[in-house]
Amino acid sequence: MFIINDMELLSRVGKYNILSGILLQNSISVSAIRLNEYSFMLKKQIQIYTALKTEHPDERFDVWVAGKRNNASIGDLSSIYIAQTQDLSIVLSDEDRHLSVLAKAARVVSVNFDEFIRRTVKDQHMIQIYNLIKRAA
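Since the model is a prediction, treat every value here as computed from it, not as a measurement.

(A) Examining the packing of helix α1 (residues 7–15) against helix α4 (residues 40–47) more closely. With their axes 9 Å apart at the nearest point, α1 and α4 run at an angle of 50° to one another. Relative to α4, the element α1 lies oblique. For α1 against α4, the interelement crossing comes out left-handed. Contacts between α1 and α4 involve Met7, Glu8, Leu10, Ser11 and Lys15 on the former and, on the latter, Leu42, Gln45 and Ile46. Its residues placed into classes, the contact of α1 with α4 shows four nonpolar, two polar and two charged.

Structural data, given as C-alpha cells:
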C-alpha cells in the first residue's frame, strides 16, 4: 500500500494508461490536501480513477504538523502524516527528495517514483513509456 505525493507525475502515468495497471494490483492513495494544491484540470485527471483513494488527515494532523513546515508544504506533510498513521509507504519523485528526511524522521518508508514503477509495473512496454514520459518532462 502506497501514498503518492507527486500529482503531476501521477497524472502523466494516468494519461498513458500505466496507472490503471498499477491500481489493479496495488492499493494507492493520495492526500486530499496535497491534491488540492494543484490546478483544477490536474485534479480532474487524477480523480477519474475510482480505485485511487483520497485520504484526509484526521484531527491530530494540526498538532503533528506544528514545527515541521520549514521546508515542506502542508500538502507534502499531509502525505507523510497519512503514510505514518495508516502504515503506508510514501512514493516520492526526484523533486521531493528533501522529503525523504522528514519521512524517515516520521518512520515512514519512502520509495522513489522510478523504483515504485519498476516494482509495480510488470509490462516492459509500459516501463519504457514511463521512461519516455520522465525524459519529456
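Read on for the rest.
(B) Molecular detail of helix α8 (residues 113–120). Within α8, the full set of buried residues consists of Phe113, Asp114, Phe116, Ile117 and Thr120. When α8 is viewed along its axis, its buried side chains cluster within an angular range of 160° and face the same direction. The opening residue of α8, the one whose side-chain oxygen lies 2.8 Å from the backbone nitrogen of Asp114, is Asn112.

(C) Local environment of the pairing of strand β2 (residues 28–31). The alternating pattern of β2 places Ile28 and Val30 and Ser29 and Ser31 on opposite faces, both of which are buried. Looking at chain direction, strand β1 (residues 2–4) and β2 are connected through three bridges and run parallel. Along β2, the bridge assignment pairs Phe2 with Ile28. Here three bridges tie β2 to strand β3 (residues 53–55), and the two strands are oriented parallel to one another. Following the sheet pairing, Val30 is matched in β3 by Thr54.

(D) Quick look at the sheet that holds strand β4 (residues 89–92). Pairing within the open sheet is parallel, and its five strands lie in the order β3-β2-β1-β4-β5. Among the strands making up the open sheet, the edge pair consists of β3 and β5 (110–112). Direction aside, the axes of adjacent strands within the sheet are offset by 35° on average. With three bridges connecting them, β4 and β5 associate as parallel partners. By the bridge assignment, Ile90 is partnered in β5 with Ser110. Along the sheet, α8 makes contact with β1, β2, β4 and β5, crossing β5 at roughly 85°.

(E) Just the side chain of Ser79, in detail. Inspection of the secondary structure puts Ser79 in helix α6 (residues 74–85). On the basis of relative accessibility, which here comes to 0%, the residue Ser79 falls in the buried class. Leaving out residues up to four positions away in the same chain, Ser79 has contacts with Ile3, Ile4, Asn5, Ser31, Arg34 and Ile90.

(F) Main features of the environment of Asn70. Considering the arrangement of structural elements, one finds Asn70 in the loop between α5 (61–65) and α6. Between the C-alpha atom of Asn70 and that of Ala136, which follows or precedes it by 66 residues, the distance is 31 Å.

Quick notes on the rules
Residues numbered from 1 in each chain as written. Predicted model: local features only at pLDDT ≥ 70, side-chain atom pairs only at ≥ 80, totals over all residues. Heavy atoms only, no water. Axes fitted to C-alpha atoms, helices over the stretch in contact; angles between N-to-C directions. Helix = DSSP H or I, 4+ residues; strand = E, 2+ residues; numbered from the N terminus. Parallel < 35°, antiparallel > 145°, perpendicular 65-115°, else oblique. Left-handed = near helix turned anticlockwise from the far one by under 90°. Contact = heavy atoms within 4.5 Å. Nonpolar A, V, L, I, M, F, W, Y, C, P; charged D, E, K, R; others polar. Buried < 20%, exposed > 50% of the residue type's maximum accessible area, 1.4 Å probe, protein only. Arc of directions from axis to C-beta. Polar contact = N/O pair within 3.5 Å; in protein donor to acceptor, adjacent residues only side chain to side chain. Pairing = 2+ DSSP bridges.

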